[in-house]
Amino acid sequence: MVQKGDIVTNINGSSQSILTAERLALNLMQRMSGIATQTHKMVSKIRAVLNSRTRLLDTRKTVPGLRVIDKLAVVDGGGN
């Protein structure tokens, strides 16, 4: 889990190439973070129910091309 102040990555290259890739990287990180956070909130509520055998599963409905990272974000958030 990434905490405030953690360094996520180090990047080397020209400023132009870094800035070109920055927006895509930030958008993907924000998307995955949002999915993982919402999944974690839902999983926490499920686990609070005594004797619940309910599991939170990901859906097959994802944005084209992002299925793999969406599913990884669900797992990172505690879902299946």
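Report follows, based on the coordinates. Please read these numbers as outputs of a predicted model, since none were measured by experiment. (Residues numbered from 1 in each chain as written. Predicted model: local features only at pLDDT ≥ 70, side-chain atom pairs only at ≥ 80, totals over all residues. Heavy atoms only, no water.)

## Side note on the side chain of Thr 39
Here comes step 1: As for its position among the elements, Thr 39 is in helix H1 (residues 15–47).
Here comes step 2: Judged by its relative accessible area of 5%, Thr 39 is buried.
Here comes step 3: Of note is the side chain of Thr 39, whose polar atom sits 2.7 Å from the backbone oxygen of Ile 35.
Here comes step 4: Ignoring sequence-local partners within four residues, the contact set of Thr 39 consists of Leu 56, Val 74, Gly 77, Gly 78 and Gly 79. (Helix = DSSP H or I, 4+ residues; strand = E, 2+ residues; numbered from the N terminus. Buried < 20%, exposed > 50% of the residue type's maximum accessible area, 1.4 Å probe, protein only. Polar contact = N/O pair within 3.5 Å; in protein donor to acceptor, adjacent residues only side chain to side chain. Contact = heavy atoms within 4.5 Å.)

## What about unusual backbone geometry?
Here comes step 1: Phi angles above zero are rare outside glycine, and Asn 51 is one such case at about 60 degrees.
Here comes step 2: Relative to the elements of secondary structure, Asn 51 occurs in the loop between H1 and helix H2 (67–76).
Here comes step 3: Asn 51 gets classed as exposed once you look at its relative accessible area, which sits at 70%.

## Here's the deal with the environment of Thr 59
Here comes step 1: Note that Thr 59 resides in the loop between H1 and H2.
Here comes step 2: For the pair Thr 59 and Leu 19, spaced 40 residues apart in sequence, the C-alpha to C-alpha distance is 33 Å.
Here comes step 3: Among the polar contacts listed, one links the side chain of Thr 59 to the backbone nitrogen of Lys 61, at a separation of 3.1 Å.

## Concerning a nonpolar patch on the surface
Here comes step 1: On the surface, a nonpolar cluster with roughly 280 Å² of combined accessible area is contributed by Val 2, Val 8 and Met 29.
Here comes step 2: Along the chain, the position of Met 29 falls in helix H1. (Patch = residues over 30% accessible without salt bridge, like charges linked within 9 Å, V, L, I, M, F, W, Y side chains within 5 Å. Areas by Shrake-Rupley, 256 points an atom, 1.4 Å probe, with all protein chains shown as cover. Salt bridge = Lys/Arg side-chain N within 4 Å of Asp/Glu carboxyl O.)

## Regarding the pattern of salt bridges
Here comes step 1: Counting across every chain of the model gives two salt bridges.
Here comes step 2: In this structure, Arg 31 and Asp 70 form a salt bridge, with 2.9 Å as the shortest nitrogen-oxygen distance. Here Arg 31, found in helix H1, pairs with Asp 70, found in helix H2; they are 39 residues apart in sequence, far enough to count as distant.
Here comes step 3: Under the relative-accessibility criterion, Asp 70 is labelled buried at 6%.
Here comes step 4: For Asp 58, the salt bridge identified is with Lys 71, shortest N-O distance 2.8 Å. Separated by 13 residues along the polypeptide, Asp 58 in the loop between H1 and H2 and Lys 71 in helix H2 bring together distant segments of the chain.
Here comes step 5: In this structure Asp 58 comes out as partly exposed when scored by relative accessible area, which is 26%.
Here comes step 6: The class of Lys 71 is partly exposed, set by a relative accessible area of 24%.

So, to be careful, I would describe these as geometric facts and stop short of saying anything about function.
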